Amino acid sequence: LAKTTQPISMDSYEGQEVNITCSHNNIATNDYITWYQQFPSQGPRFIIQGYKTKVTNEVASLFIPADRKSSTLSLPRVSLSDTAVYYCLVGGGATNKLIFGTGTLLAVQP
Amino acid sequence: NAGVTQTPKFQVLKTGQSMTLQCAQDMNHNSMYWYRQDPGMGLRLIYYSASEGTTDKGEVPNGYNVSRLNKREFSLRLESAAPSQTSVYFCASSALSFGGTGANVLTFGAGSRLTVL
């Protein structure tokens, strides 16, 4: 199972771009990389998913280098409402067993 | 389209009591999961079901049992509740099937907050 490592917390200011990196050294060939956002008292919700290179949607971008041993979630121009915990999850390859890491608490200040 | 529905939303138990948390999804998903989240902590996998008729242990299965009643429903039972099981429980589902590979995206329910006194 791919174990993920993320910074415990990050601070930012409104309007800045935020990059959160996740390390997953033992990612399997068929594993996808998925990022989730969780607000207090709510279940996590899907943000973005990728397999390799770069993926962009309306809320974020995901950068994955060629060796796939890490990934970076990029949030452009964050606002106060982006304050949340962000989880990187690696899986979908050899097993359905999906283990979350510790997540990164992003605090956005005015 | 309700997605993943969990009941009850809140429950208070006394030590030693039993209860079942219910989860149902209406997205025709194959895989279903139960996680627990303690205050200020991350999500820990309790049990999962990769397809109807199969269940497997996660990281913290002790003290819990599960039943995949049909494709839609996956229940979590606490036979003899302990204060250490005070937590928020999340059910999730995914379209990925047993043995399948690919883009496994989880859809979560709103959570069930359990307090054991």
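What you see is a predicted model, and the numbers here were worked out from it, not measured in a lab.

(A) Main features of the environment of Gln22 of chain B. Tracing the backbone through its elements, the reader meets Gln22 of chain B in strand β3 (residues 19-25). It is 17 Å that separates the C-alpha atoms of Gln22 of chain B and Gly63 of chain B, two residues lying 41 residues apart in sequence.

(B) Examining the sheet that holds strand β7 (residues 64-68) of chain B more closely. All names here are of chain B. An order of β1-β3-β8-β7 is seen for the four strands of this open sheet, with the pairing classed as antiparallel. Strands at the two margins of the open sheet, each flanked by one partner only, are β1 (4-7) and β7. Direction aside, the axes of adjacent strands within the sheet are offset by 15 degrees on average. Bridge count for β7 against strand β8 (residues 74-78) is five bridges, and the pairing is antiparallel.

(C) Structural view of the environment of Gly40 of chain B. Relative to the assigned elements, Gly40 of chain B resides in the loop between β4 (31-37) and β5 (43-49). Separated by 71 residues in the primary sequence, Gly40 of chain B and Gly111 of chain B have C-alpha atoms spaced 15 Å apart.

(D) Representation of the packing of aromatic side chains within the structure. In total, this model carries 12 aromatic pairs over all chains according to the counting rule given. On the basis of an interplanar angle of 85 degrees and a centroid distance of 5.5 Å, the ring pair of Tyr87 of chain A and Phe100 of chain A is categorised as edge-to-face. Of the two residues, Tyr87 of chain A sits in strand β8 (residues 84-91) while Phe100 of chain A sits in the loop between β8 and β9 (104-109), which places them 13 residues apart along the sequence. The exposure class assigned to Tyr87 of chain A is buried, which follows from its relative accessible area of 1%. Residue classification places Phe100 of chain A among the buried residues on the basis of a relative accessible area of 6%. On the numbers, 6.4 Å between centres and 85 degrees between planes, the contact of Phe90 of chain B with Phe108 of chain B is edge-to-face. In this pair, Phe90 of chain B is assigned in strand β9 (residues 87-94) and Phe108 of chain B in strand β10 (residues 107-108), connecting sequence segments 18 residues apart. By relative accessible area, which is 10% here, Phe108 of chain B ends up buried.

(E) Region of the structure containing empty space enclosed by the protein. Scanning all chains against the criterion turns up one cavity of 30 Å³ or more. Reported here for the largest cavity is a volume of approximately 30 Å³. Lining the largest cavity we find Tyr32, Thr34, Gln49, Leu89, Val90, Gly91, Gly92 and Leu98 of chain A together with Asn104 of chain B. Elements with a contribution of two residues or more to the lining of the largest cavity: β3 (32-38) and β8 of chain A. Broken down by element, the lining of the largest cavity gets its largest block of residues, three residues, from β8 of chain A. A per-class count over the lining of the largest cavity returns four nonpolar, five polar and no charged.

Analysis parameters
Residues numbered from 1 in each chain as written. Chains lettered and ligands numbered in written order. Predicted model: local features only at pLDDT ≥ 70, side-chain atom pairs only at ≥ 80, totals over all residues. Heavy atoms only, no water. Helix = DSSP H or I, 4+ residues; strand = E, 2+ residues; numbered from the N terminus. Pairing = 2+ DSSP bridges. Axes fitted to C-alpha atoms, helices over the stretch in contact; angles between N-to-C directions. Phe/Tyr/Trp six-rings, centres within 6.5 Å; stacked < 30°, edge-to-face > 60°. Buried < 20%, exposed > 50% of the residue type's maximum accessible area, 1.4 Å probe, protein only. 1 Å grid on protein atoms, 1.4 Å probe; cavity = no way out; pocket = protein on both sides within 12 Å on 5 of 7 lines; lining within 4 Å. Points joined across faces, edges and corners; volume = space filled by probe spheres on them. Nonpolar A, V, L, I, M, F, W, Y, C, P; charged D, E, K, R; others polar.

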